[in-house]
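Coordinate inspection notes
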Amino acid sequence: MTKANRLSVAMFCLILISIGTVMIFIYWRDGYAYSSEMVLGCLGVFFLSILYFVVLTIWKMRLLNKYELKERTGTFLKWFAGLSVMNLLFSYFTASDITGYEFFTSFGLAVGIAFSDVMFLKKKSY
């Protein structure tokens, strides 16, 4: 197992600390004066860390060779198609409306499954 990037570990710890802070100050203290500022700050940290992980993954994808990139793209397409079909069938049988926004969940899960370990690569994969 490779060592984790220090910035990634720091961002993950910052997310955990912000979630703990939100739980303490908002849920257990009803009359906290700065609750909205606390929530906005924690959401800002969360979205910045997600943006960091996305940029890191895209940056490290340049280390992949063509065969591995083709294989991961095929894995992404298979998962995206399967999850989209399952979502459409579930929406059809529960008689709920089918909108285009429902495909974002399938897209995000498929990207996560296919490319999540790319951000931990250290060397070129030959």
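The structure reproduced in this document is the subject of the present report. Only a predicted model underlies this, so the values are computations on that prediction, with no experimental measurement involved.

1. Describing the overall build of the protein
A tally of regular secondary structure across the protein gives four helices and zero strands. Ordered by position from N to C terminus, the α and β elements of the protein give α-α-α-α. In the protein, buried positions account for 23% of the 126 residues. Long-range pairs, those at least 24 residues apart, make up 73% of the contacts in the protein between residues at least 6 apart in sequence. Total accessible area on the protein stands at roughly 9,800 Å², and carbon and sulfur atoms take up 73% of it.

2. Some thoughts on the side chain of Thr57
Positionally, Thr57 belongs in helix H2 (residues 35-60). The exposure class of Thr57 is buried, given its relative accessible area of 12%. Apart from residues lying up to four places away in sequence, Thr57 is in contact with Phe115, Val118 and Met119.

3. Things to note about the pattern of salt bridges
Taken as a whole, this structure holds two salt bridges when the rule is applied. Glu68 is the partner of Arg72 in a salt bridge, and the nearest nitrogen-oxygen pair spans 3.2 Å. One end of the pair, Arg72, and the other, Glu68, are both in helix H3 (residues 66-93), four residues apart, so they sit about a helical turn from each other. In this structure, the salt-bridge partner of Asp117 is Arg72, at a minimum N-O distance of 2.7 Å. Here Arg72 lies in helix H3 and Asp117 lies in the segment after helix H4 (103-115), a separation of 45 residues in the sequence. A single salt-bridge network, built from bridges that share partners, covers Glu68, Arg72 and Asp117.

4. Let's talk about the layout of surface pockets
Each pocket or cavity is described by its volume, and for the largest pocket that value is around 320 Å³. Forming the boundary of the largest pocket are Ile50, Phe53, Val54, Thr57, Ile58, Met61, Phe107, Val111, Gly112, Phe115, Ser116 and Met119. Elements with a minimum of two residues in the lining of the largest pocket: H2 and H4. In terms of residue count, H2 provides more of the lining of the largest pocket than any other element does, five residues in total. The residue inventory of the lining of the largest pocket, partitioned by class, reads nine nonpolar, three polar and no charged.

5. Thoughts on the packing of aromatic side chains
Enumeration according to the criterion identifies five aromatic pairs in this entry. With centroids separated by 5.9 Å and ring planes inclined at 10°, the aromatic side chains of Phe76 and Phe80 adopt a geometry described as stacked. Of the two residues, Phe76 and Phe80 both sit in helix H3, four residues apart, roughly one turn of that helix. On the basis of relative accessible area, Phe76 is assigned to the buried category, the value being 14%.

Reading guide: rules and limits
- Going along each chain's sequence as written, the residues are numbered from 1 onward.
- The predicted nature of this model means local features are confined to residues of pLDDT at least 70 and side-chain atom pairs, given and counted, to a pLDDT of 80 or more, with totals for whole chains, interfaces and linings taken over all residues.
- Computation of side-chain values covers all heavy atoms of the structure but excludes hydrogens and water.
- Runs of H or I in DSSP of at least four residues are treated as helices and runs of E of at least two as strands, each being numbered from the N terminus.
- Buried means the residue's accessible area, taken with a 1.4 Å probe over protein chains only, is under 20% of the maximum for its type, while exposed means over 50%, and partly exposed covers the values in between.
- Here, two residues are considered to be in contact whenever any of their heavy atoms come within 4.5 Å of each other.
- Here the open area of atoms and residues is found with the Shrake-Rupley method and a 1.4 Å probe, where only the protein chains shown may cover a residue.
- For salt bridges, the criterion is a side-chain nitrogen of Lys or Arg within 4 Å of an Asp or Glu carboxyl oxygen.
- Each cavity reported here is a set of points on a 1 Å grid over the protein atoms alone in which a 1.4 Å probe fits but cannot get out, each pocket an open set with protein on both sides within 12 Å along at least five of seven lines, and each lining residue one with an atom within 4 Å of a point.
- Grid points are joined across faces, edges and corners, and a volume is the space filled by probe spheres set on the points.
- Put simply, Ala, Val, Leu, Ile, Met, Phe, Trp, Tyr, Cys and Pro go in the nonpolar bin, Asp, Glu, Lys and Arg in the charged bin, and everything else, Gly too, in the polar bin.
- Between 30 and 60 degrees the pair is tilted, below 30 it is stacked and above 60 it is edge-to-face, where a pair is any two Phe, Tyr or Trp rings, Trp via its six-membered ring, whose centres lie within 6.5 Å.

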